[in-house]
Amino acid sequence: MHNAFDIRAVLRQLPVRIESAVAYSDRLLLGTATGALLMYRVVEPTKDRPLNISLMETKKAFARKSIEHLDVIKEAGVLVCLADGLVTLYDLHSLSGATPLNNTRGANLVAVHTAVDHIDGIPTLVSKLAVHAKRKLVVLEWRDAEFYKSLEYSAAERITAMQFASASLLVLSTAREFLTLQLSQNQWDDLFPTDTASLRTVAAGSLAVVGSTGGGPESMSSPQPASTGGGGMWGSWGIGLSGLSTDVKTIIARMPGEKLLLCHEDIGVFINSAGKLCRQEHSDPTLFDRVPTGITHTSSYVIAISSDNGSSDTRTNVEVRNIGTQALVQQLYLADEAPMHVFNGSGGKQVWAVGRHTVWRLIPVPIQQQVEDVLAAGQYDEALSLVARSDSILESEKEELTIKIRWLRARWLFREQAKYEEALSELTDLGATPTEAISLCPERIAGELADGSDSDEADGSDSDEVTVNDDKNGKKRPKQVMWKEALYAVMRYLTEHRRRLQRAVTDGKRELEYAVRVLDDGPEDDCDIKSLQQARLAHSDDDSLPHVRLKRLRFSLENMEIPVAAMAQVVDTTLLKVYLECSPGLLGPLLRVKNYCDVEQSEGLLIEHGRFSELVDLYHGKGLYRKALQLLQSQGMSTDGGALRGTYPTVRYLLRLPADQFELILEYIRWPLQEGDDTRSSIVASIFADDRPAAEAFPRPRVASFLRLISPTLVIQYLTYVFEVWSDETGVLHDDMVAAYLDLLGSAQSPTEQLRHELQRFLRTSKRYSPEKALARLPDDGLLQERALILSKLGRHEQALGLLVFGVASLTLAEQYCIDNVETCTGVFVLLLRILVEPPPSDIVDNEGALLRSGSLGSAGDNGTPPSTIAQVEDTRQEIHRRFAGHFLSMHHQHIPATDALRLLPPDLSFTPDLLAYLRGQLCALDQATRASDVVRNLRVGEDTQSKRQLHRLQSGYVVISESRTCPHCLKRIGSGTAFAVIPPHEKAARPAVVHYSCWQRHKSNSPVHVESRSSPSSVNEETHMASIRLKWT
C-alpha cells in the first residue's frame, strides 16, 4: 500500500444539506434539500498557489423541492436536474430556461452518455440522456448539440441502477439481476443475477454475451458509436444522492477504457462496452473490504466510499484500489461526517466526496512519488499498472518507464521471488544482454559481472535457509536447493541465447543489438525528493515525470551494437561455470564443438575441478594442440592419471589432429610407440595406416623414415597399406620398403622363409624401386634369390640365371625365372640352355658343387657314394644339366629356335626322347607357320579382287542433274555452281538422292560422296543442260 491521494475538506459545515453534486470544467454545482443550487468556482492548485474554491452564485428557488440528482451534458450545453420525481433541463451557461420533461414524472434514475458516431460517414457528436420513470425508460438524443429525438422503452421491473455501456447499449439492474437493453433493437437480455454468489460464479465462469437477435418497433439503424470513458469526451457525470440510500446494494459505475463496474454488496465485476466480462484484463472479481455506497474512478484507481466505519482501530470510509491489479492501495477516513457520494470531474482528473454538510477533494499524490513508493515496497506490478494507466505521463515516457520497471521487476523476481524462469523470460523480452542475467548469479558464476549492490543475495548469506516470498505465503527453502534451481534456469536461458548467437554467426552477422543498462553518472539529487514533497504540499497538478528523476530509476537503457564474438565468449564461459556446478556431463558436448569460452578462466576452473578430459577438449577447440598433448602425456605417464592414464587417450587424441599438425604428431606419437611393443602395430594402423583424410595427406617418406627409427616391422606394415590401399607408386617409398625388409632380415638371427618370400614377391611385382640401390643394400654372401630378382630388373639375365643354377643350385627356379622374364627377354631360354651345356665360370658362387659333394642333390656314382673329386663332381653336374636340358627343350621348344639349340648342344649328346620331342615340336611349328602364310596370301588375293570389282561398280555409276532438279530438304534448285552431295540408295532399284551440301550438313543421314562433272549430250532438248556425274565414295 502507498499514498495515492491526500484528502482536503474544501467546504465545511454548510448551513444547508447537500443532496446532489456535479463538477465540470472549473465549476462545482451542489443541489440542496431546499431546492437551492450552489455554484462554486474551482481554481486548481499550482506551484505558487493552493486549491481555491469560491461561491459564485446561489439559486435559491432553483427547484421547488429537494434536488435529487444533477448531471451535465456539456457538449449540448444542458444541465439535467432531477427534483420531485421530474427531470428538468436547463441551459448550462445561464442556469435558466427550464424545460421540464413531463413524460419523466416519477423518475428516480438518470444516466448520460456522449460519444462520436459516424452517421452516413460523417463524424457526429451524439449525446444521450436516459431517465427511468416508473415502469418505463425515456431516452433523449442530441446530435451536434441539437436535440434530435426522444424514445421510450417499457420496463417490466423496477430499475435500481443503470448506466450506458455504449451509445446503443444500456446496462441496468433490478433487485434480482443485471440486464442490458439494446436501444437500436429494443431488445432486453439477461446478464446474471445480482446476488453475491452469482457474481463470484460469473467472474470465475464463462463470458456473459449480449444477444444479437430480436428487436422492437422503435429500432434505430445508426451504427454504434465509440463512447468515451470518464463521463463522456468533454464532460463528466453525476448521480443523485437521495436515490442511493444505504439500503441499495447494487451499483453500476463507469470505468476508464469503455468499461463498467457492476457491484453488489462487496463484490464487483468488469464488463466492456459490448456487455461481455473483461476476463483477460480482470480475471478475478474486485473484492471490497466494505460494502460501497458510491464508486468513482480516476485513470488508475477505483475509489469507493462506504458508510461502515468499522472498529475504532480501523475506521475507514474511503477505499482506493488499483484498476489493473485490483490490489488495495489506500484506505482513508473522512472524520467530519460520513460521505454520501463520490464522483469525478474533468474527465476523471478531479475526485470529489460529498457529505451532508461537507465537501472533500481527493488530491492525487504526484505520480512520480507514487511510483517511487511502490518501487521501494517492491510492488512492481503495481508500478507497471500505475504508469500504464496514469494520464499524467506522456506516452513517449510511459514506454521508457515501463521498460525500466519491467527491468527492475525481472531482477526482483529472480532475487526475491525465486521465479527464475519468469525473470529470465522477462529479460529476454526486454532485449537485455545475457550479462544482466549473469549478474544475478552468485559471484562464483558471475565473476566480475556479479552485482554486489544487492545486500540480500542468498549466496552471501550466513543462513542455510532463505525466505522466498510469493503471492500467498512465504516459505523457507534451503539456500543450496534454491540456487540449484536458479542455475538450472540460467543454464536453459544461456543455452537458448547461445543458439541465437550461433544463428547470427551462420548468417554472417558481426554485431547484435541489445538493451544495456547505463547508470547515471551524476550524484543522487536530494532536490528531486524535496520537489516531490513541495508539490504534494502545494497539491500541484503538474506532476508529469520529465522534470523529476526517480531514485530507483536512476539509470537509462540504451540500445547498443555488441560484437557477437564478445557476447558469445561471456555466454559460453558462464555456461561452462554453470555446467561445472549442476551438470558436469554437459561439459563435453559444449567443449567438443565450436565454442567461445575464455581459455584462461576455463582452464583454471577445469583444473580446479579435476576435469582433465574436458580440458583436453577445450585445448583442442582453441587450437592449443601442444598443450593438450602435454596434458595427455603427463596424465598418461602418471599413476593417478584417472581416465587419461596410459597411451590410449593420447593415441585417440592424435586421431583428431589435422594433417598440418604432422610434426606435432611425430613428436608425441614416439612415447606411446616406445611404451609397449604389443601395441605398436595397432597404433601405427590407427594413426598412419588409416582411411582418414589426414592420414592420407601425411608426407609418407617422412612417416617411413620416422617408423624406421622405431622398428622396420612398422615400416613394412605402413608401406604395405600405402601400396595396397592408396596405390602409391612413389619410387622412394618402394626403396624404403626394400630397405625395411633387408634391415629386418639383417637384424634377425635366423631369417624366416615367410619374410624372404614376402621380400621376393615384392621384388618380383614392384616396378618402382631402384634396382641399383636395392642391389647395393644386399649382403655379399647371402640372399642369392633376391639378388637374382634384382638383376632381372637390371636386364642382367645371364648373371641372374648363373646365380640360380650354380649359387642357389635350383634348376627349377632357373626355369621359372625364364618363364617370368620371357616377355622382356625372348632369348632368356637360350641363355639358360647355354649355361646348362657349358661348364661353370670360375668367378661364380658354386654352391651346386658343394651340394653335389655332400649328396644333398641326391646324385651318386655307380657305387652309390657322392662324388668326391673335381672330375667326378663335374661329370655328375654335366649329367644332371644335360638331363634337365632335354626336359627343358621338350617343354619350352616354342621359345628356343632350332638353329640356336643345335648350335649350342654338344656333339656327344645322346639322342633322348626329350630331344626327339623337341625336334618334332620344331618341325610342327615350322609347318604350321608355312600353312598359315599360304592362307594369309590367298585371303589377301581374294580381298584385292573384291575391292577392284567394287571400285569398278562405283566408278561406272552417275547421276543426272538438270536445271529443274531440286534439293529434297530445302526444295531449292541445285545449280551448276552449287556444292552438292549424293546419298547412295539403300535399295538397288532406288534413285540416288542429290542434296545441297549445306542441307546435308544440317540433316546428316548418310555418308556423302565426292563427285566430279563431265559433259553429256542432251537427249531431249538442246537448251537443257545435262551433267553427268562420276562418283567417288569418300
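What counts and how
- Think of each chain on its own: its residues are numbered from 1, step by step along the sequence as written.
- The predicted origin of the model limits local features to residues at a pLDDT of at least 70 and limits the giving and counting of side-chain atom pairs to 80 or more, whereas totals for whole chains, interfaces and linings rest on all residues.
- Side-chain calculation: all heavy atoms of the structure are included, whereas hydrogens and water are not.
- Comment: elements are numbered from the N terminus, with helices defined as DSSP H or I runs of at least four residues and strands as E runs of at least two.
- Remark: exposure states derive from per-residue accessible area (1.4 Å probe, protein chains only) relative to the maximum for the residue type, with buried under 20%, exposed over 50%, and partly exposed in between.
- Throughout, a contact is declared for two residues whenever any of their heavy atoms are within 4.5 Å.
- Surface accessibility follows the Shrake-Rupley procedure with a 1.4 Å probe radius. Residue values consider only the protein chains on display as shielding.
- What counts as a salt bridge is simple: a side-chain nitrogen of Lys or Arg found within 4 Å of a carboxyl oxygen of Asp or Glu.
- Definition used in this section: a nonpolar core is a set of buried Ala, Val, Leu, Ile, Met, Phe, Trp, Tyr and Cys residues joined via side-chain atoms within 4.5 Å.
- One bridge is not enough; two strands pair if DSSP finds at least two bridges between them.
- For every element, the axis is a line fit to its C-alpha atoms; helices are fit only across the contacting stretch, and the angle between N-to-C directions ranges from 0 to 180 degrees.
- Any helix carries an expected span of 1.5 Å times its number of residues minus one.
- Note that the term roughly parallel is reserved for angles under 35 degrees, roughly antiparallel for angles over 145, roughly perpendicular for angles of 65 to 115, and oblique for everything else.
- Note on residue classes: Ala, Val, Leu, Ile, Met, Phe, Trp, Tyr, Cys and Pro are nonpolar, Asp, Glu, Lys and Arg are charged, and everything else, Gly too, is polar.
- The rule is short: rings of Phe, Tyr and Trp, with Trp giving its six-membered ring, pair when the centres are within 6.5 Å, and they are stacked under 30 degrees, edge-to-face over 60, tilted in between.
- Throughout this description, the term charge over a ring refers to an Arg CZ or Lys NZ atom that lies within 6 Å of the ring centre and within 35 degrees of the ring normal.

**Student:** Before we go on, may I ask you to explain the overall build of the protein chain in this structure?
**Tutor:** Looking only at helices and strands, one finds 32 helices and 37 strands in the protein chain. Going through the 1034 residues of the protein chain one by one, you find that 49% of them count as buried. The contacts in the protein chain between residues at least 6 apart in sequence include a share of 56% that link residues at least 24 apart. As displayed, the protein chain has an accessible area near 50600 Å², and 49% of this comes from carbon and sulfur atoms.

**Student:** So what exactly am I meant to see when it comes to the pattern of salt bridges here?
**Tutor:** If the charged atoms of two oppositely charged side chains come close together, the side chains can form a pair. Under the defined criterion, the tally for this structure stands at 38 salt bridges. As a salt-bridge pair, R361 and E44 come within 3.0 Å of each other at their nearest N and O atoms. Taken together, the residues R361 in strand β29 (residues 359–364) and E44 in the loop between β4 (37–43) and β5 (52–59) connect sequence positions 317 residues apart. Its relative accessible area of 5% is what places R361 among the buried residues. Between E614 and R611 there is a salt bridge, and its shortest N-O distance comes to 3.1 Å. The exposure class assigned to E614 is buried, which follows from its relative accessible area of 11%. One continuous salt-bridge network, built from bridges that share partners, spans R17, E19 and R356.

**Student:** Looking at this structure, I do not really get the nonpolar core. What am I missing?
**Tutor:** Most often, soluble globular proteins keep nonpolar side chains buried together rather than apart. F414, F688, L707, Y718, L801, L833 and I896 are the most contacted members of the largest nonpolar core, which totals 147 residues. I303, L334, V351 and I405 belong to the second largest nonpolar core, which has 30 residues in total.

**Student:** Please explain the sheet that holds strand β23 (residues 294–297) as it appears in this structure.
**Tutor:** In a beta sheet, neighbouring strands are held together by backbone hydrogen bonds and run either parallel or antiparallel to one another. Ordered by their spatial adjacency, 4 strands build an open sheet running β23-β24-β25-β26, and the pairing between neighbours is antiparallel. Of all the strands in the sheet, just β23 and β26 (328–332) have a single pairing partner and so form its edges. Going from strand to strand, the sheet's axes swing by 20° on average, the running direction of each strand aside. Across 4 bridges, β23 lies against strand β24 (residues 301–305) in antiparallel orientation. Each residue of the ladder has a partner; that of G294, found in β24, is I305.

**Student:** I tried to follow helix α16 (residues 662–675) on my own but got confused; where do I start?
**Tutor:** One turn of an α-helix holds 3.6 residues; hence residues three or four places apart share an orientation. With 14 residues, α16 extends 21 Å from end C-alpha to end C-alpha; this agrees with the ideal 20 Å at 1.5 Å per step. Along α16, the positions that sit buried rather than exposed are F662, L664, I665, L666, Y668, I669, W671, P672 and L673.

**Student:** Any chance you could explain unusual backbone geometry here in plain terms?
**Tutor:** Peptide bonds are mostly trans, and most non-glycine residues show a negative phi. The phi angle at D120 is positive, at roughly 55°, despite the residue not being glycine. Along the chain, D120 falls in the loop between β10 (107–119) and β11 (122–133). Residue D120 is classed as exposed on the basis of its relative accessible area, which comes to 75%.

**Student:** What is the right way to read the environment of S854 from this model?
**Tutor:** Among the secondary structure elements, S854 is positioned in helix α28 (residues 847–854). By relative accessible area, which is 47% here, S854 ends up partly exposed. C-alpha separation for the pair S854 and P866, spaced 12 residues apart in sequence, amounts to 6.7 Å.

**Student:** Is there a simple way to explain helix α12 (residues 599–608) in this structure?
**Tutor:** Listed in full, the buried residues belonging to α12 are S602, E603, L605 and L606. Contacts from the buried residues of α12 go to α10 (564–582), α11 (587–591), α13 (612–621) and α14 (625–637). Where α12 terminates, the next one or two residues include G610, which has phi positive at roughly 70°.

**Student:** Explain the pairing of strand β15 (residues 169–173) here, please?
**Tutor:** When a strand is regular, its side chains alternate between the sheet's two faces. Taken across its 5 residues, β15 has 5 buried, putting it largely inside the fold. Residue alternation in β15 divides its side chains into two sets, L169, V171 and S173 and L170 and L172, and both sets are buried. With 5 bridges connecting them, strand β14 (residues 161–166) and β15 associate as antiparallel partners. Across the sheet, residue S166 finds its bridge partner in β15, namely L169. What sits between β14 and β15 in their antiparallel hairpin is a turn of 2 residues. Here β15 runs beside strand β16 (residues 177–182); their pairing, made up of 5 bridges, is antiparallel. Opposite L169, over in β16, you have Q182 as the bridge partner. What sits between the antiparallel neighbours β15 and β16 is a turn of 3 residues.

**Student:** What is the right way to look at the sheet that holds strand β7 (residues 78–83) in this model?
**Tutor:** With respect to topology, 4 strands assemble into an open sheet ordered β6-β7-β8-β9, the strand pairing being antiparallel. Two strands lie at the open edges of the sheet, namely β6 (67–73) and β9 (99–101), each paired on one side alone. Looking at each pair of strands side by side, their axes are set apart by 25° on average, direction ignored. In the sheet, β6 pairs with β7 via 6 bridges, with the strands oriented antiparallel. Directly across from H69, in β7, lies its bridge partner L82.

**Student:** Where do I start with the packing of helix α19 (residues 700–710) against helix α21 (residues 731–747) in this structure?
**Tutor:** The relative placement of two packed helices is expressed as an angle between their axes plus a distance between the axes. Viewed as axis vectors pointing N to C, α19 and α21 meet at an angle of 10°, and their least axial separation amounts to 10 Å. As the angle between them shows, α19 and α21 are arranged roughly parallel. For the pair formed by α19 and α21, the contact residues are R700, P701, A704 and R708 on the first element and L733, D736, A739 and D743 on the second. Its residues assigned to classes, the contact of α19 with α21 comprises 4 nonpolar, no polar and 4 charged.

**Student:** Explain the packing of aromatic side chains here, please?
**Tutor:** How two aromatic rings sit relative to each other is given by the distance of their centres and the angle of their planes. Following the criterion strictly, the structure yields 16 aromatic pairs and no others. With a centroid separation of 5.7 Å and 75° between ring planes, the pair formed by W142 and F147 is classed as edge-to-face. The exposure class of W142 is buried, given its relative accessible area of 5%. Ring centres 4.9 Å apart and planes at 70° place the aromatic pair F414 and Y420 in the edge-to-face group. For the pair F414 and Y420, one class covers both residues: buried. Clustering of aromatic rings is evident, with ring pairs tying together F662, F688, F698 and Y718. The aromatic ring of F555 is capped on one face by K404, whose charged end is 5.6 Å from the ring centroid.

**Student:** Teacher, can you tell me more about the environment of R777 here?
**Tutor:** Its location among the elements puts R777 in helix α23 (residues 771–777). Note: C-alpha distance between R777 and V738 (39 residues apart in sequence) is 8.8 Å.

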